[in-house]
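Coordinate inspection notes
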Amino acid sequence: MNQFFKTILRIIIGTICCCIVTNNSYSAEKLLSFPVGITYDSIYWWRGVELNGKGAGVIWPKVGCEVSGVQAYITVGINQDYFMTTEEGDNDLAKAYHEFDYGLEYSFTQNTFSSTIGIKYCQYPFYDSADATVDPSFFEAYLIVSFSYVIIPVLELYYDYYREESDEETPVNEDVYAKLSLFKEILHANSFIVKTGIWLGYYHNAYLDREGFSDAGITLSTSYDYNGVVFFSAVNYARTLSEDFYIEYDADANGHASRLKNHFWVDIGISSKL
């Protein structure tokens, strides 16, 4: 494993473990805080597709700095296959999926209304390790709004602008994604919360010439807050809706590919503010 990624994981895990041991709880009145966390997703779910390939998970370490609701952060997406492949060619391909996100966002909450607005740069610094000719890095602006009622609606809007065009036949480099989710809290016992939710996504990806209702799904999640350290888990099912977002997958390696429509995965994570 690359020494750089080993260092990232050690710093994040060490910081969180230190927070747990010392029971370092976060105060809402604190002017300056440092969000840290790490999440594992058993697939990289991205707007109707398993972005890194069928069953390829991703590890997400994150560090940030927050002042009065404004947060600057760095998130690294480490492709699970990078740790598991032994062939040089496969390892180079897995490395190409490593992602670095550099973001700035502002969050606001008043009564039952919450919103987050932000912008980030999604970079794939090793994209050419698999002989790729186009850098897929992009800028993304996003808005997330929600209301806390018996049912919690959440609307997410994303606008992406790619640094380079995909090819001469598709001379565009932007896309738009909208996602509507409905959540219901089914258990809230002290610091332990269980929620269920459904969502529907619409994706207009001119960069890859894809458009339509990309995905719909259902999720069941839990969270537990222990002295300011939050443990999170979720079980998810999603269905790819439009032909534009189907992936051909040869499950039996027999040369007969089928369309990948149904997706199951789990998320686990831990986060805190120092």
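For the structure itself, look to the data block above.
A brief report on the enclosed structure follows.

Take the pattern of salt bridges next. Counted under the stated rule, the structure contains nine salt bridges. With a closest N to O distance of 3.8 Å, aspartate 175 and arginine 47 form a salt bridge. Taken as a pair, aspartate 175 in strand β11 (residues 174-189) and arginine 47 in the loop between β3 (45-46) and β4 (49-50) lie far apart in primary sequence, 128 residues in all. Each member of the pair, aspartate 175 as well as arginine 47, is classed as buried. The closest approach of N and O atoms between aspartate 101 and lysine 120, which form a salt bridge, is 3.7 Å. With aspartate 101 in strand β7 (residues 99-110) and lysine 120 in strand β8 (residues 113-123), this pair connects stretches of sequence that are 19 residues apart. With respect to class, aspartate 101 is no different from lysine 120; both count as buried. Several salt bridges share partner residues, and in doing so they unite Arg47, Asp101, Lys120, Glu140, Asp160 and Asp175 into one network.

For the rest of this paragraph, the subject is the environment of tyrosine 44. Tracing the backbone shows tyrosine 44 in the loop between β2 (35-41) and β3. Tyrosine 44 sits eleven residues away from glycine 55 along the chain, and the two C-alpha atoms are 8.2 Å apart. Not counting residues up to four positions away in its chain, the partners in contact with tyrosine 44 are Val49, Glu50, Leu51, Asn52, Ala56, Val58, Trp60, Glu99 and Tyr124.

Moving on, we get to the side chain of aspartate 267. When you line up the elements, aspartate 267 lands in strand β17 (residues 262-273). Lysine 179 provides the closest opposite charge to the buried, salt-bridge-free aspartate 267, at an N-O distance of 9.1 Å. At 3.0 Å, the side chain of aspartate 267 forms a polar contact with the side chain of asparagine 236. Among all residues touching aspartate 267, those that are not within four sequence positions of it are Tyr40, Asp41, Phe232, Ser233, Ala234 and Asn236.

Reading the values: the criteria
- Residues numbered from 1 in each chain as written.
- Predicted model: local features only at pLDDT ≥ 70, side-chain atom pairs only at ≥ 80, totals over all residues.
- Heavy atoms only, no water.
- Salt bridge = Lys/Arg side-chain N within 4 Å of Asp/Glu carboxyl O.
- Helix = DSSP H or I, 4+ residues; strand = E, 2+ residues; numbered from the N terminus.
- Buried < 20%, exposed > 50% of the residue type's maximum accessible area, 1.4 Å probe, protein only.
- Contact = heavy atoms within 4.5 Å.
- Lys, Arg positive; Asp, Glu negative; His and termini not counted.
- Polar contact = N/O pair within 3.5 Å; in protein donor to acceptor, adjacent residues only side chain to side chain.

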